[in-house]
Amino acid sequence: MKVEQISVFIENKSGRLAEVSGVLGDANVNIRALSLADTSDFGILRLIVDDSEKALSVLRDKHFTVNKTEVIGVEVPDRPGGLSSILKILDNNQINVEYMYAFVERSGSNAVIIFRFDNVDQAIAVLLKNGVNILDGKKIISI
Amino acid sequence: MPDHHLIWNTEAECLPREQIERLQLERLLQTLQLVSNNVPCYQHKFKGCGFKPGDLKTLDDIQHLPFTSKEDLRLNYPYGMFAVPMRDVVRIHSSSGTTGKPTVVGYTKRDISTWTELVARFMTAAGVTREDIVHIAFGYGLFTGAFGLHYGSEAIGASVIPISGGNTDKQIMIMQDYRSSALVCTPSYGLTIADRLEKKGIDPASLALRVGLFGAEPWSEQMRCELETRLGIIATDNYGLSEIMGPGVAGDCRLKRGMHLAEDHFIFEIIDPDTGQVLPKGSKGELVITSLTKQAFPMIRYRTRDITRIHYDHCDCGRTLARMEKTCGRTDDMLIIKGVNVFPTQIEEVLLQIEGCQPHYQLIVDRVNNSDQLEVQVEVNEHIFFDEMKRQRQFVTEAEKRLATVLGVSAKVKLVEPSSIVRHEGKASRVIDKRKQ
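Residues numbered from 1 in each chain as written. Chains lettered and ligands numbered in written order. Predicted model: local features only at pLDDT ≥ 70, side-chain atom pairs only at ≥ 80, totals over all residues.

## Points about the nonpolar core
Nonpolar side chains in soluble globular proteins tend to end up buried together.
Then step 1. Core analysis: the largest hydrophobic core is formed by 86 residues, its most contacted members being I136, F138 and V184 of chain B.
Then step 2. Residue contributions to this core peak at eight residues, all from helix α5 (residues 109-126) of chain B.
Then step 3. Beyond its immediate sequence surroundings of up to four residues, I136 of chain B is in contact with A146, L149, H150, V160, I161, P162, I163 and V184 of chain B.
Then step 4. Counting residues in hydrophobic clusters, the runner-up holds 58 residues, among them V49, L59 and F103 of chain A together with I384 of chain B. (Core = buried A, V, L, I, M, F, W, Y, C linked by C-beta atoms within 7 Å. Buried ≥ 20, exposed ≤ 12 C-beta atoms within 10 Å, placed from the backbone. Helix = DSSP H or I, 4+ residues; strand = E, 2+ residues; numbered from the N terminus. Contact = placed C-beta atoms within 7 Å.)

Here it is as structure tokens:
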């Protein structure tokens, strides 16, 4: 159910983002989705890759500060109001979304949204109960 | 009852206070005689204030004597302060000349043996015995640290590994293979070793290390805890400066309640660094030291520029010698930010209290629109890095809040990437003051 996401600390200076993608590229790790949250001093880069363990180890070797978190990938109908219906379910059940971002590829006719929740298991239970399709980790990286 | 196994020289280290003071007065008179006969700088200083060695009647009279400053040593570079002819000098050491000419100090044979005795005292107090293998990772050279600890270890009968500084991987290999049990280095290098062990996946418990003797730079109690936990040792502090002798001026006993001062060889005063007035016992201020037994390089009221406090109450270890607190910085490291005195060690202490935070930091002081700004750059690590911006900002805000409470002045915390702050294998330099540029 869950997907492994890695996050990387990046100082807000030119070229750092390129270095991260360069390190991953050299190691033959493919980035499947990413989002960047930043302040004027630093940024947090979150990535879904095809090989998290390898990504973590090559980034650590290059002295990057990295962490691993569990997120989930949710299939969202690719039409107006599609995302809204899912957010409503979460809201009605008092599930707080820490952050979310879109996956590049579609899953069939659906869009894929990555969600980070405080309480992942509770969120999964609520979404499943309401008939929302959660993508398997393995499936996501092979989309 | 004093534990005699942990005291090197019971007679000297457990003297009743009246006897310490009697001895100090006697030796001070001899020293004053020595310098007024042989050191032009002191002849000149004494003449200037109308002082003759015979005028000194009690120990308190010492406050009428002039100070000696680093500047005096520079003006008399290289040998002007020596009180004996060069043929009696068996060793030259010198302090780093970061701000101009270095200062040169000399030792007679007897000075070297006093030095050896005083280092053996604090090493014994830290628990070092003849069974130990002492790993000396101070640089051997003009710096006094390595030689002092070397002599003290040999006097105790321990086995010395004079590995000197640098090449951390080799240090670790030797620790593993030669079974080093006592580590001698700067506290910041101790952390560098801990970092490297962690990185290499070596469990400190697999080493034979049991005690650390750290010195040559100021460090905090939090840093002590960190060294103790991460290296699995007892971390002791010792104090000294080359102008006075080198290490051996003071050192921790196993109770770690302040470093016992070698009061039979030196007189210690605490003064107000601004007015030069002697402060009441127990006050915090600048440490001033007068040597009592040195032959080659006697010092009268030398201003150390180190800020500390002296405690005279009873210590359960059995020593009667007073104890000095860890120095909380130097008068010349002290930053004045918006009129408030700030020491880098205070900032280190706050950072180390925050879970997961390591003491890799740098202070940037600047003046923007005529107002002082303090920025504390902290290297991020996996324990203080979060994927959620909310928690990451909370960490920064919390650190800023704690700093403001302790310092009394606001500071901006900036997270930087690991290893972006320059590492020092010797003494750490923590401050970039752009106001001076």
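Here the narrative resumes.
## Some details on unusual backbone geometry
In terms of backbone geometry, most residues other than glycine have negative phi values and most peptide bonds are trans.
Residues and elements named next belong to chain B.
Then step 1. Cis geometry marks the peptide bond from Y77 to P78; its omega dihedral reads -5 degrees.
Then step 2. Relative to the assigned elements, P78 resides in the loop between α4 (70-75) and β1 (91-94).
Then step 3. You will see that R305, though not glycine, has its phi angle at about 65 degrees, which is positive.
Then step 4. Considering the arrangement of structural elements, one finds R305 in strand β12 (residues 302-311).
Then step 5. For R305, a count of 19 C-beta atoms within 10 Å puts it in the partly exposed group.

## Overview of the interface of chain B and chain A
Accessible area lost when the parts come together is the quantity often used to give the size of an interface.
Then step 1. On the chain A side, the residues contacting the 14 residues of chain B number 16 residues.
Then step 2. Put simply, the parts of the chain that give the side of chain B that touches chain A at least two residues each are α11 (389-407) and β18 (412-416) of chain B.
Then step 3. With three residues, the top contributor of residues to the side of chain B that touches chain A is β18 of chain B.

## Some remarks on the domain arrangement of chain B
Residue and element names in this part refer to chain B.
Then step 1. By the assigned domains, chain B splits into domain 1 (1-331) and domain 2 (335-436).
Then step 2. Relative placement of domain 1 and domain 2: their C-alpha centres are 30 Å apart.
Then step 3. Facing 17 residues of domain 1, the contacting portion of domain 2 comprises 14 residues.
Then step 4. Of all the elements, helix α8 (residues 187-200) adds the most residues to the side of domain 1 that touches domain 2, at four residues.
Then step 5. Looking at the side of domain 1 that touches domain 2, its residues break down into six nonpolar, nine polar and two charged. (Domains from an automatic or database assignment. Nonpolar A, V, L, I, M, F, W, Y, C, P; charged D, E, K, R; others polar.)

## A look at the domain arrangement of chain A
All names here are of chain A.
Then step 1. According to the domain assignment, chain A contains domain 1 (2-69) and domain 2 (71-142).
Then step 2. Using C-alpha coordinates to define each centre, domain 1 is positioned 22 Å away from domain 2.
Then step 3. The interface of domain 1 with domain 2 comprises 10 residues on the first partner and 12 residues on the second.
Then step 4. Here the residues of the side of domain 1 that touches domain 2 sort into three nonpolar, three polar and four charged.

## A short note on the sheet that holds β12 of chain B
All names here are of chain B.
Then step 1. Taking strand neighbours across the sheet as the criterion, the 11 strands line up as β4-β3-β5-β6-β7-β8-β9-β13-β12-β11-β10 in an open arrangement whose pairing is mixed. The open sheet has two edge strands with one neighbour each: β4 (159-161) and β10 (266-271).
Then step 2. In terms of strand pairing, strand β8 (residues 246-252) meets strand β9 (residues 259-261) through three bridges, oriented antiparallel. In the sheet register, G251 faces β9, and the bridge partner there is H260. (Pairing = 2+ DSSP bridges.)

## Some thoughts on the sheet that holds strand β17 (residues 371-379) of chain B
Residue and element names in this part refer to chain B.
Then step 1. Pairing is mixed in the open sheet, where four strands are placed in the order β18-β17-β16-β19. The two strands at the open ends of the sheet, each matched to only one other strand, are β18 and β19 (431-433). When the angles between neighbouring strand axes are averaged without regard to direction, this sheet yields 20 degrees.
Then step 2. Lying on the sheet, helix α10 (residues 344-353) is in contact with β16 (361-368), β17 and β19; it crosses β16 at an angle near 125 degrees. (Axes fitted to C-alpha atoms, helices over the stretch in contact; angles between N-to-C directions.)

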